[in-house]
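Chain residues, written in single-letter form:
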Amino acid sequence: MSADERPEYNRRKELPAEVPSAPETPAPAEPVGKPQLTGRQRLVKGLWPPRVTRPQLIVALLLFVLGLGLAIQVRSNNDSSALRGARQEDLVRILDELDDRTERLEEEKRRLEEQRTGLENSSDQAEEARKQTVERERQLGILAGTVAAQGPGITLTIEDRKGAIEADMLLDAIQELRAAGAEAIQINDVRVVANTYLSDAGGGGVRVDGRKVGEPYLFKVIGKPQDLEPALNIPGGVVQTLEKEQATVTVERSEKIVVDALRPAKQPDYARSSSQ
């Protein structure tokens, strides 16, 4: 039988021609001399530069706002008390002044209780009430500057040859004296009362209630000398402030200070006693 006539399963099958495969590309050789990265260096290289995503950016913004709010709250709490940054000398002075004010209030309370007891026990209550009214009128006259007063206190003399003293410096002295318990104050020939105002005068000097007063400024102050003088001489207080302006300041205690400058009694235009 010829080859074409042989059964198909007896025929010789020829293999397909071989297709040459592509040559394998060798892995690039690492450059000679390049240092190998350590694990820490690879970690840093993976973290920097940072790859910030949108959620991370939102979270960072929220944390920033939260931290800013906490910082503002802490600062407001720290600023709520002006005594936190005060010096030790100032704290001691403030404590002494509070103690003195407490003592004065207690004394006033005892005096009023004695007046009430006197009214309740007096056989002639009308006469006792009249006496207390007269005494109260005298006390109010001292405060209003309509009557003269005398008692222990200090004299404060300020010599200002260079004309550097201004109205606000004298006002600081008045406020410091009042805080220390001054009951009557006179500057030169002007009585200082609750509604006294000070202003700078043209050409030098200071106006007190519109009246010009010049140096030397002489303060006559009635009160407890042991409280008035230390209040003026505290570190950074009135005396040191005036001396920085090259003024000469003298404070003297006295057992008898006479405050005789008077102010006219004025009838209020609108205010009336609520008991009427």
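Structure first, text after, so check above.
Keep in mind it's a predicted model, so treat the numbers as computed, not measured. (Residues numbered from 1 in each chain as written. Predicted model: local features only at pLDDT ≥ 70, side-chain atom pairs only at ≥ 80, totals over all residues. Heavy atoms only, no water.)

### Re unusual backbone geometry
The phi torsion of most residues other than glycine is negative, and most of the peptide bonds are trans.
Point 1. Residue Pro216 follows Glu215 across a cis peptide bond; omega there is 0°.
Point 2. Positionally, Pro216 belongs in the loop between strand E6 (211-213) and strand E7 (217-222).
Point 3. Positive phi, close to 55°, is recorded for Asp209, a residue that is not glycine.
Point 4. Its place among the elements puts Asp209 in the loop between strand E5 (206-208) and E6.
Point 5. Residue class for Asp209 comes out buried when judged on its relative accessible area of 16%.
Point 6. Of note, Gln246 is a non-glycine position whose phi angle comes to about 65°, a positive value.
Point 7. For Gln246, the location among the structural elements is in the loop between helix H7 (238-244) and strand E8 (248-259). (Helix = DSSP H or I, 4+ residues; strand = E, 2+ residues; numbered from the N terminus. Buried < 20%, exposed > 50% of the residue type's maximum accessible area, 1.4 Å probe, protein only.)

### Structural notes on a nonpolar patch on the surface
Point 1. The grouping of Leu61, Phe64, Val65, Leu68 and Ile72 at the surface amounts to a nonpolar patch, some 530 Å² of accessible area in total.
Point 2. Positionally, Phe64 belongs in helix H2 (residues 54-79). (Patch = residues over 30% accessible without salt bridge, like charges linked within 9 Å, V, L, I, M, F, W, Y side chains within 5 Å. Areas by Shrake-Rupley, 256 points an atom, 1.4 Å probe, with all protein chains shown as cover. Salt bridge = Lys/Arg side-chain N within 4 Å of Asp/Glu carboxyl O.)

### Let's talk about the pairing of strand E1 (residues 149-159)
Point 1. The pairing of E1 with E8 spans 10 bridges and is classified as antiparallel. In the sheet register, Ile154 faces E8, and the bridge partner there is Arg253.
Point 2. Looking at chain direction, E1 and E7 are connected through six bridges and run antiparallel. When the bridges of E7 are listed, Thr157 appears paired with Leu218. (Pairing = 2+ DSSP bridges.)

### Quick word on the sheet that holds E6
Point 1. With antiparallel pairing, the three strands of this open sheet are ordered in space as E4-E5-E6. The open sheet is flanked by strand E4 (198-200) and E6, the only strands paired with a single partner. Within the sheet, the average angular offset between the axes of one strand and its neighbour, ignoring direction, is 35°.
Point 2. Across three bridges, E4 lies against E5 in antiparallel orientation. Residue pairing in the sheet places Asp200 in a bridge with Val206 of E5. (Axes fitted to C-alpha atoms, helices over the stretch in contact; angles between N-to-C directions.)

### Things to note about the environment of Leu143
Point 1. Summarising the element assignment, Leu143 is placed in helix H4 (residues 125-144).
Point 2. Here the alpha-carbon distance between Leu143 and Val193, two residues 50 residues apart in the chain, equals 6.7 Å.
Point 3. What Leu143 contacts, discounting residues up to four positions off in sequence, is Glu183 and Val193. (Contact = heavy atoms within 4.5 Å.)

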